[in-house]
Structure formats: structure tokens, C-alpha cells
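Each chain, letter by letter, is given below.
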Amino acid sequence: MSAPSAGMVSVVIPVYNEEATLPALFPRLYAALDALHRPYEIILVDDGSRDRSMEILRAEAARRPDQVRVVELSRNFGQHPAILAGFSIARGDAVVTLDADLQNPPEEIGKLLAKMDEGYDVVGGVRRQRQDTLFRRAASWIVNRITVAITGIRMSDYGCMLRAYSKEVVELINKSDEHSTFIPALAQSIARHPVEIPVAHAERSAGESKYSFYRLIRLNFDLMTGFSVVPLQLFTLLGFITAAGGVLFGVYLLVRRFILLRASEAEGVFTLFALAFVVMGVLMAGVGIVGEYVGRIYQEVRGRPRYLIRRVWGGPSGA
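1. Concerning the side chain of D121
- Within the secondary structure, D121 sits in the loop between helix 4 (109-116) and strand 5 (122-127).
- Put simply, D121 is tucked away with no salt bridge, and the nearest opposite charge, on R192, sits 6.1 Å away.
- At a separation of 3.0 Å, a polar atom in the side chain of D121 contacts the main-chain amide nitrogen of H193.
- Residues contacting D121, with those up to four places away along its chain left out, are M116, A164, Y165, S166, V169, A191, R192, H193 and P194.

Take a look at the structure:
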């Protein structure tokens with residue numbers, strides 16, 4: 001392994017209602033970054049928090065203005081737009097993303113940077129011995145497998161935000177104008193030399209997860225529709241199969257009634273009902289998938305910004 005680079009490290013952390021974890025985050029983060037013996041900056045992006053998170057962040061920026069910058073967004077835009085806002089002002093040769101809940105330990109940052117020093121431009125973390133609930137682990141496993149199958153982007157852990165990106169990859173991400181995107185998958189599709197390494201995972205000590213079941217489903221739809229047209233192709237194929245099945249069933253009924261001369265049973269009505277429900281279900285699901293793509297087109301055509309920065313606190317200039 002080559003010696004650590006002397007380039008600056010930018011750590012981008014989205015924050016949303018994390019007043020309970022922030023006091024514990026800063027000491028561990030500073031200690032982990034000081035141990036690297038290289039210049040660093042910490043960019044904390046407040047994503048429209050409704051608790052005291054912004055107050056705590058401003059105080060930290062005032063205490064360490066040369067190392068800490070706080071990006072205050074005008075409202076809640078979501079985790080990935082918040083990270084993109086941090087990317088837009090990051091100055092580091094390597095940019096690390098980290099959640100504020102301490103489930104991804106800051107002490108693991110050094111492992112990612114050491115891997116980057118070997119020549120990789122994207123280093124993804126893969127959570128080992130996850131401390132989440134069984135439901136969240138199962139949901140994550142399903143999302144990972146479905147996403148890999150549909151998008152073709154090979155990633156072991158889509159949900160881990162402890163990742164390191166080279167400056168070149170971040171610049172390319174900043175040039176992307178997609179309204180809805182998933183940063184790890186986008187970076188993986190851009191990178192020339194990506195790699196994944198195992199990282200530790202801890203139980204959330206305070207606060208609660210910001211990802212509800214609905215948001216997990218929403219994330220999966222963003223992944224599928226943002227990086228592939230396979231869902232449209234699958235439902236087109238399913239439509240053909242269903243139509244062919246209906247034709248074959250109709251032929252079977254004609255043969256049974258007029259060639260075999262068997263009377264039709266009353267129960268056949270319910271069979272037709274069942275087939276009708278299958279066809280309607282396929283149609284409704286297909287319309288929903290098409291609607292997802294049309295909705296994304298509508299968002300892109302409107303051209304509204306992915307995030308709005310109200311103010312940047314701290315930084316070398318004291319802005």
C-alpha cells in the first residue's frame with residue numbers, strides 16, 4: 001500500500017433532526033480526522049431540521065471556522081440533494097460522505113482513504129454485522145438484489161453512505177443535472193476504478209431513523225427508474241404473456257364447448273373474473289411504472305433546482 005496522500009479531505013454530512021447525536025459526533029469525528037495527519041474540512045448540510053440541529057451546527061462552525069462549514073438549506077430536500085449541496089462547495093481531493101447518526105463510525109474514514117491511495121476513484125463501504133432491525137436488514141437485502149438485477153450496477157450495499165469519492169468523480173456528479181438521483185449508483189456508473197471494502201456498523205444510540213417503509217419503497221423506485229428502463233420492458237413482456245394466456249384460454253373454452261360438446265359450468269364465470277383481475281392488475285401496475293417515468297420527465301422539464309442554499313456558515317472566509 002502506498003503512503004497516505006497529503007491532499008485535503010472533505011467530509012460531507014447531511015443532517016436532519018439529529019440534535020441528540022451531534023454532541024457525540026464531533027469529538028469522534030475530529031479525533032478520526034486528526035489521526036490522518038492531512039488537511040481536512042467538514043461540511044455539515046442542514047436539510048431543513050425542525051429541532052435544535054441548526055443551532056448546534058452554527059455554534060460548531062463559530063468554534064472551528066477554519067475546518068467546519070455549515071450549509072443551511074431553505075427546506076427539507078432529502079438526503080441525496082443535501083449531499084449534492086455539500087459536493088457543490090467541497091474543496092478536497094477526496095470527498096467522504098458520512099451519516100450523522102454514528103451508525104457508520106467516523107473511525108472507518110481512514111480505511112476508505114487508504115484504499116483510495118491505492119488508485120481507486122470510488123470506495124464504497126459494505127456494512128458488516130449490521131445492528132439494524134430484522135425488518136430493515138431484510139428490506140435492504142431485497143432492495144439490493146432487485147436493484148442489481150434491474151440496473152446492472154454491481155454494488156453490495158446500496159444503503160451504506162460511508163463512501164469516498166475522488167475529486168474528479170465529484171466534479172462529474174456536480175455536472176449531472178438529474179433532478180432525482182442516487183449518488184452511490186451514479187458514482188459507480190461514472191467511476192473507472194471502483195472498489196468496495198467492509199466497514200463497521202453500530203446501533204443507533206439516539207434519535208430515530210429518517211427512512212420509513214414508504215421512503216424505502218420510494219428510494220427503490222428512484223433507483224429503478226433513474227438508472228434503467230428494465231421495468232418498462234418487464235411489464236411489456238408481462239402484458240404480452242397475459243394477452244397470450246387470455247387467447248389460449250379462449251381457444252380452450254371454444255374447443256371444450258363446440259368440439260368436445262361439453263356444457264359450460266357455472267364456475268367458469270369465476271374463472272373469467274379471476275383472469276380479468278389478473279389483467280387489470282397488470283394494467284394498473286404497468287400504468288404506475290409508466291407514470292413513474294413520466295413524473296421524472298415532468299420534474300426534469302420544470303427545471304427547478306435540486307436544492308436551495310439559504311446560507312453557508314463558517315469557512316476560511318467566515319462567510
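2. Some words on the side chain of R163
- Relative to the assigned elements, R163 resides in strand 6 (residues 163-166).
- No salt bridge is formed by the buried R163, whose closest oppositely charged neighbour, E196, lies at an N-O distance of 4.7 Å.
- Within the structure, the side chain of R163 is placed 2.8 Å from the backbone oxygen of C160, a separation counted as a polar contact.

3. A word on the nonpolar core
- In this structure, V11, I13, L29, I42, L44 and I109 are the most contacted members of the largest nonpolar core, which totals 35 residues.
- Among the elements of the structure, strand 1 (9-15), helix 1 (22-34), strand 2 (40-46), helix 2 (53-63), strand 3 (68-73), strand 4 (94-97), helix 4 and strand 7 (194-199) are those that each provide at least two residues to this core.
- With six residues, the top contributor of residues to this core is helix 1.
- Filtering out sequence-adjacent residues up to four positions away, L29 remains in contact with V11, I13, I42, L98, P106 and I109.
- Formed by 24 residues, the second largest nonpolar core is a distinct cluster that contains L73, A85, I89 and V170.

4. Comments concerning the packing of aromatic side chains
- All chains considered together, the criterion is met by two aromatic pairs.
- Ring plane angle 20° and centroid distance 6.2 Å describe the contact between F26 and Y30, whose orientation is recorded as stacked. Of the two residues, F26 and Y30 both sit in helix 1, four residues apart, roughly one turn of that helix.
- Judged by its relative accessible area of 4%, F26 falls in the buried class.
- On the accessibility criterion, Y30 (5% relative accessible area) is buried.
- A cation sits over an aromatic face here: R64 above Y30, 3.7 Å from the ring centre.

5. A short note on the environment of R310
- Locating R310 in the fold gives a position in strand 8 (residues 309-314).
- Considered as a pair, R310 and R75 are 235 residues apart in the sequence and their alpha carbons are 8.9 Å apart.
- When near neighbours in sequence (up to four residues on either side) are disregarded, R310 contacts E72, L73 and S74.
- A polar atom in the side chain of R310 sits 3.2 Å from the backbone oxygen of S74.

6. Focus: a nonpolar patch on the surface
- Residues V247, V251, L254, V255, F258 and I259 make up a contiguous nonpolar surface patch of roughly 600 Å² in combined accessible area.
- Looking at the element boundaries, I259 is found in helix 9 (residues 230-259).

7. A closer look at the sheet that holds strand 8
- Judged by pairing direction, the sheet is mixed, and its eight strands sit side by side in the order 7-5-6-4-1-2-3-8 without closing on themselves. This sheet does not close on itself; its edge strands, each paired only once, are strand 7 and strand 8. Adjacent strand axes in the sheet meet at a mean angle of 20°, parallel and antiparallel pairs treated alike.
- Bridge count between strand 4 and strand 6: four bridges; the pairing is antiparallel.

Cut-offs applied
- Residues numbered from 1 in each chain as written.
- Predicted model: local features only at pLDDT ≥ 70, side-chain atom pairs only at ≥ 80, totals over all residues.
- Heavy atoms only, no water.
- Helix = DSSP H or I, 4+ residues; strand = E, 2+ residues; numbered from the N terminus.
- Buried < 20%, exposed > 50% of the residue type's maximum accessible area, 1.4 Å probe, protein only.
- Lys, Arg positive; Asp, Glu negative; His and termini not counted.
- Salt bridge = Lys/Arg side-chain N within 4 Å of Asp/Glu carboxyl O.
- Polar contact = N/O pair within 3.5 Å; in protein donor to acceptor, adjacent residues only side chain to side chain.
- Contact = heavy atoms within 4.5 Å.
- Core = buried A, V, L, I, M, F, W, Y, C linked by side-chain atoms within 4.5 Å.
- Phe/Tyr/Trp six-rings, centres within 6.5 Å; stacked < 30°, edge-to-face > 60°.
- Lys NZ or Arg CZ within 6 Å of the ring centre and 35° of its normal.
- Patch = residues over 30% accessible without salt bridge, like charges linked within 9 Å, V, L, I, M, F, W, Y side chains within 5 Å.
- Areas by Shrake-Rupley, 256 points an atom, 1.4 Å probe, with all protein chains shown as cover.
- Pairing = 2+ DSSP bridges.
- Axes fitted to C-alpha atoms, helices over the stretch in contact; angles between N-to-C directions.

From the geometry alone we can't say anything about function, so treat these as descriptive.
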